[in-house]
Amino acid sequence: MAPLGTGDFGTLSTDYGPAAWVPANSSNYTVSSRESAYPINYIVIHTMQGSYAGSISWFQNAAAGTSAHYLLRSSDGAVTQMVRDKDIAWHAGNWTYNTQSIGIEHEGYVDNASWYTDAMYRSSAALTRFLCDKYGIPKTRNNIIGHNQVPGATHTDPGPNWNWTYYMQLVTGGTTPPPTTWSTVVDNTTAGRFTASANWSTSTYSAQRYGADYRYANPVAASDAAWYKVNIPATATYRVEVWYPAVAGYNTSTPYIVATTSGNQTVSVNQTANGGAWRSLGTFTLAAGDANKVGVSRWSGSTGYVIADAIRITRV
């Protein structure tokens, strides 16, 4: 088993063999004797809004007042159990659902799909499938639910980027969907995923923008690229698409840079036309890993602002 990177390295879970056992602080859950005390009817899927190591540390803190049964790491799907299945983790925000469910936390943030790696989906689905078989939980969306589906929930996780179709196919053992199920969007406002120099200004001028705003700069004889950072799950072929507002007077040959396994490739786009929608730059072989994958360069031979708004990468 891959090293878990935190917690009690030498202890394995007695409930689920592939998991490490790192107990939550006893102040953060209720000792019980499920399934005799309460039936286990649900699996609740969460997104941590944080890191794997940070969440493990938090559940070990007596001040947390919260916990989950299992935690999944994004990079490789490593699993840590922190509350025994028989005990009641405080994760759902609803006591009845706490007593009748097992909570599974996933590393990442709801607004960034790149955290939901194929390794994490597969590892989590294997865990859910095991738990459903063990406790007789129907493998349906009525019983495998998001935190946002718990009655009275104030949380939105796992969020719109969680691929329920793919996940449930993995859980039920149905035909594995094609690799195109992995896709991610990075906007110029996505935290930690977009970088640009002070030469790039911000605008809300065009209603064709993706999200709240977009960035613009004058063309110059230098790259000074704005970059989108993406966590690519595996070296493979991906479709790269771009979104920009099209305005008369914007640049007719904006250079988009795609960092491929064979070096940077440049595709020029006329940003006076076909805006307000996804436009494909083509398909490229991208290397696995978290790095700058798409850039918008200022080095254009045409006049007019070059625009950096949003990009989408989809495995094909």
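1. Some details on the overall build of the chain
Okay, so step 1: Across its full length, the chain carries four helices and 20 strands.
Okay, so step 2: With respect to the three principal axes, the spread of C-alpha positions in the chain is 75 × 35 × 35 Å.
Okay, so step 3: A buried classification covers 51% of the 316 residues belonging to the chain.
Okay, so step 4: Carbon and sulfur atoms make up 50% of the accessible area of the chain, which amounts to about 12800 Å² in all.
Okay, so step 5: Taking the 19 positively charged and 18 negatively charged side chains of the chain as two groups, their mean positions are separated by 5 Å.

2. Describing the pattern of salt bridges
Okay, so step 1: Throughout the structure, instances matching the rule amount to eleven salt bridges.
Okay, so step 2: Of the charged contacts, one joins D85 and K134 as a salt bridge, the two residues approaching to 3.8 Å between their closest N and O atoms. Remark: K134 occurs in helix 3 (residues 118–135) and D85 occurs in the loop between strand 5 (79–81) and strand 6 (88–89); sequence separation between them is 49 residues.
Okay, so step 3: Using a relative accessible area of 1% as the deciding quantity, one classes D85 as buried.
Okay, so step 4: Measuring nitrogen to oxygen at the nearest pair gives 2.8 Å for the salt bridge that ties D118 to R122. Residue D118 and its partner R122 are both found in helix 3; the two are separated by four residues, about one turn of the helix.
Okay, so step 5: On the basis of relative accessible area, D118 is assigned to the partly exposed category, the value being 25%.

3. Quick look at the sheet that holds strand 15 (residues 254–260)
Okay, so step 1: Across the sheet, which stays open at both edges, the five strands sit in the order 10-13-18-15-16 with antiparallel pairing between neighbours. Each having just a single partner strand, strand 10 (194–195) and strand 16 (263–269) make up the two edges of the open sheet.

4. Remarks on the sheet that holds strand 19 (residues 306–308)
Okay, so step 1: The three strands are arranged 11-12-19 in an open sheet whose pairing can be described as antiparallel. Edge positions in the sheet fall to strand 11 (201–203) and strand 19, since each of these pairs with one other strand and no more. Across the sheet, the mean angle separating the axes of adjacent strands is 40° when strand polarity is ignored.
Okay, so step 2: The pairing of strand 12 (residues 214–217) with strand 19 spans three bridges and is classified as antiparallel. Along strand 19, the bridge assignment pairs R215 with A308.

5. A look at the layout of surface pockets
Okay, so step 1: Here the largest pocket defines a volume of roughly 320 Å³.
Okay, so step 2: Along the walls of the largest pocket sit 17 residues, with T47, M48, E105, H147 and H155 positioned nearest its centre.
Okay, so step 3: Listing elements by their share of the lining of the largest pocket, those giving two or more residues are strand 3 (42–47) and helix 1 (52–59).
Okay, so step 4: Considering every element that reaches the lining of the largest pocket, the biggest residue donor is helix 1, with four residues.
Okay, so step 5: For the lining of the largest pocket, a count of residues per class yields five nonpolar, ten polar and two charged.

6. A short note on the packing of aromatic side chains
Okay, so step 1: Overall, the coordinates contain 18 aromatic pairs when judged by the stated rule.
Okay, so step 2: Ring centres 5.6 Å apart and planes at 65° place the aromatic pair Y121 and Y166 in the edge-to-face group. One end of the pair, Y121, is in helix 3; the other, Y166, is in helix 4 (residues 164–172), and 45 residues separate them in sequence. Assigned by exposure class, Y121 and Y166 land together as buried.
Okay, so step 3: For the pair Y121 and Y167, a centre-to-centre distance of 6.5 Å together with 50° between the ring planes defines the contact as tilted. Pair noted here: Y121 is in helix 3 and Y167 is in helix 4, with a separation of 46 residues, a long-range link.
Okay, so step 4: Members of the aromatic cluster, each reached through a chain of ring pairs, are Y116, Y121, W162, W164, Y166 and Y167.
Okay, so step 5: Residue placement shows R141 over the ring face of W164; its charged tip is 3.6 Å from the ring centre.

7. What about the side chain of T99?
Okay, so step 1: Its place among the elements puts T99 in helix 2 (residues 95–100).
Okay, so step 2: Taking relative accessible area as the criterion, T99 reaches 3% and is therefore assigned buried.
Okay, so step 3: Setting aside its immediate chain neighbours within four residues, T99 contacts R34, Y38, P39 and I88.

8. Regarding the pairing of strand 14 (residues 236–243)
Okay, so step 1: By the criterion of burial, strand 14 is predominantly enclosed, with six of the eight residues buried.
Okay, so step 2: Examined bridge by bridge, strand 14 and strand 17 (residues 279–286) share seven bridges and lie antiparallel to one another. Counted as the bridge partner of E241 is S280 from strand 17.

9. Regarding the nonpolar core
Okay, so step 1: Core analysis: the largest hydrophobic core is formed by 31 residues, its most contacted members being Y228, V240, Y256, L281, L286, I311 and I313.
Okay, so step 2: Elements supplying a minimum of two residues to this core: strand 12, strand 13 (226–232), strand 14, strand 15, strand 17, strand 18 (289–296), strand 19 and strand 20 (310–315).
Okay, so step 3: Among all residues touching L286, those that are not within four sequence positions of it are I232, A234, T235, A236, Y238, V240, V258, A259, T260, T261 and I313.
Okay, so step 4: In terms of nonpolar packing, the next biggest core, distinct from the first, is built from 28 residues, A19, I45, I137 and W162 among them.

Calculation criteria
- Residues numbered from 1 in each chain as written.
- Predicted model: local features only at pLDDT ≥ 70, side-chain atom pairs only at ≥ 80, totals over all residues.
- Heavy atoms only, no water.
- Helix = DSSP H or I, 4+ residues; strand = E, 2+ residues; numbered from the N terminus.
- Buried < 20%, exposed > 50% of the residue type's maximum accessible area, 1.4 Å probe, protein only.
- Areas by Shrake-Rupley, 256 points an atom, 1.4 Å probe, with all protein chains shown as cover.
- Lys, Arg positive; Asp, Glu negative; His and termini not counted.
- Charge placed at Lys NZ, Arg CZ, Asp CG, Glu CD.
- Salt bridge = Lys/Arg side-chain N within 4 Å of Asp/Glu carboxyl O.
- Pairing = 2+ DSSP bridges.
- Axes fitted to C-alpha atoms, helices over the stretch in contact; angles between N-to-C directions.
- 1 Å grid on protein atoms, 1.4 Å probe; cavity = no way out; pocket = protein on both sides within 12 Å on 5 of 7 lines; lining within 4 Å.
- Points joined across faces, edges and corners; volume = space filled by probe spheres on them.
- Nonpolar A, V, L, I, M, F, W, Y, C, P; charged D, E, K, R; others polar.
- Phe/Tyr/Trp six-rings, centres within 6.5 Å; stacked < 30°, edge-to-face > 60°.
- Lys NZ or Arg CZ within 6 Å of the ring centre and 35° of its normal.
- Contact = heavy atoms within 4.5 Å.
- Core = buried A, V, L, I, M, F, W, Y, C linked by side-chain atoms within 4.5 Å.

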